[in-house]
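Chain by chain, the residues:
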Amino acid sequence: MMAPMRPVIIAANWKMHTTPEDAGELAATIAARSGEPGVVRVVCPPFVCLAAVREALAGTGIAVGAQNLHHEIAGPFTGEVSAPMLAGLATWVILGHSERRRDAAETDALIGRKLGRAVEAGLRPILCVGEQLTEREAGRAEAVVSAQVTGCLGDHDPDALTAAGLVVAYEPVWAIGTGRNARGADAAAMAGLIRRTAAGLGWGDSAERLPVLYGGSVTAVNIGEFLAEPSIDGALVGGASLKPDEMAGIVGRAAVTARARLAAGGS
Ligand code: PGA
């Protein structure tokens, strides 16, 4: 059986940067510099900038994503944003980012509920998983990541998540915002583990179609190391995603992989 051809995806996580005033211009500049239709491109600005970014990216082929959503649809949850509220503003959503696990005490069970809300609302989820440095040093990285995948996906119907286009981002916590990226081979091993874990949860052959991204200090210089790994399907980019030059380089390199996959007609 020929391995399935997975898309190449570059997602920009702007975190708590930009304002409604300047986000549209930054998005438009990035779009003008990274027009590679063979690469699935997503920009995830803060909630308050979604409308401006959506307007700026209309017609560019670049999708808009949110960085989080609440696990309930509506109710007495001051300051929160639910999945249905994102209708018309975003088509993707990042869930379970390590900064939210750290600062908002998000657990795998809670992230699993958010995943359900995203799927119901027709949002394409990017689920983030990844180990802490102490966990890696203790030789527990695989066990931690596998438990996160199981804890977040375990209660869901694999077919529903596949239909929703679920993407998993492997983001070792020690590599996020530190300038210290993982090695391509280590990230590739984790991508394999993530798919094997999904297969064990009833995904079967669909696990081979699950896109897995790497995230953590990705730049235009190191993106090639990750995309050289057939099991890695792109990147979730933080700091560098606010810099149009970096994004042009990252998306340009991703386009090389996308063309190679298309030519090979397989993975
Ligand atoms: P970074 O962030 O690229 O700034 O390390 C990645 C992320 O947190 O998604």
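Residues numbered from 1 in each chain as written. Predicted model: local features only at pLDDT ≥ 70, side-chain atom pairs only at ≥ 80, totals over all residues. Heavy atoms only, no water.

Caption draft 1: Region of the structure containing the side chain of S34. Position of S34 among the secondary structure elements: in the loop between α1 (23–33) and β2 (40–44). Exposure remark for S34: the relative accessible area of 3% places this residue in the buried category. Here I30 takes part through its backbone oxygen, which lies 2.5 Å from a polar atom of the side chain of S34. (Helix = DSSP H or I, 4+ residues; strand = E, 2+ residues; numbered from the N terminus. Buried < 20%, exposed > 50% of the residue type's maximum accessible area, 1.4 Å probe, protein only. Polar contact = N/O pair within 3.5 Å; in protein donor to acceptor, adjacent residues only side chain to side chain.)

Caption draft 2: A look at the packing of aromatic side chains. A full pass over the atoms with the stated rule returns two aromatic pairs. Through a chain of ring-to-ring contacts, three or more aromatic side chains come together here, namely Y170, Y214 and F226. (Phe/Tyr/Trp six-rings, centres within 6.5 Å; stacked < 30°, edge-to-face > 60°.)

Caption draft 3: Main features of the pairing of β2. β2 sits mainly inside the fold: four of its five residues count as buried. Bridge analysis of strand β1 (residues 9–13) against β2 gives five bridges, and the strand direction is parallel. Bridged to A11 within β2 is V42. With α1 bridging β1 and the parallel β2, this β-α-β connection has right-handed handedness. In terms of strand pairing, β2 meets strand β3 (residues 63–66) through two bridges, oriented parallel. Bridging across to β3, V42 finds its partner in A63. Taken together, β2, helix α2 (residues 50–57) and β3 form a β-α-β motif whose crossover is right-handed. (Pairing = 2+ DSSP bridges. Right-handed = clockwise from strand over helix to strand, strands pointing away.)

Caption draft 4: Local environment of the packing of α1 against helix α10 (residues 244–264). Running from amino to carboxyl end, α1 crosses α10 at an angle of 35°, the nearest separation of the two axes being 9 Å. Two packed elements cross with a definite hand, and for α1 against α10 that hand is right-handed. When α1 is examined against α10, the residues L26, T29, I30 and R33 are found in contact with a partner set consisting of P244, D245, M247 and A248. Split by residue class, the contact of α1 with α10 holds five nonpolar, one polar and two charged. (Axes fitted to C-alpha atoms, helices over the stretch in contact; angles between N-to-C directions. Left-handed = near helix turned anticlockwise from the far one by under 90°. Contact = heavy atoms within 4.5 Å. Nonpolar A, V, L, I, M, F, W, Y, C, P; charged D, E, K, R; others polar.)

Caption draft 5: Structural detail: the layout of surface pockets. Roughly 410 Å³ of volume is contained in the largest pocket. Together, 14 residues line the largest pocket, and K15, M16, Q67, E99 and R100 are the ones closest to its centre. For the lining of the largest pocket, a count of residues per class yields five nonpolar, four polar and five charged. Its boundaries defined by the atoms lining it, the second largest pocket holds a volume of some 320 Å³. (1 Å grid on protein atoms, 1.4 Å probe; cavity = no way out; pocket = protein on both sides within 12 Å on 5 of 7 lines; lining within 4 Å. Points joined across faces, edges and corners; volume = space filled by probe spheres on them.)

Caption draft 6: Quick peek at the sheet that holds β3. Taken together, the eight strands give a closed barrel; going around it, the order is β1-β2-β3-β4-β5-β6-β7-β8, and neighbouring strands pair in parallel fashion. Strand-to-strand, the axes of this sheet are offset by a mean angle of 25°, without reference to chain direction. Here strand β6 (residues 167–170) runs beside strand β7 (residues 212–215); their pairing, made up of three bridges, is parallel. Within the sheet, the bridge partner assigned to Y170 lies in β7 and is Y214. The sheet strands contacting helix α6 (residues 141–153) are β5 (124–129) and β6, and the helix crosses β5 at an angle near 145°. Against the sheet, α10 contacts β1, β2 and β8 (234–237), and its axis sits at roughly 160° relative to β1.

Function cannot be read off these values alone, since they describe shape.
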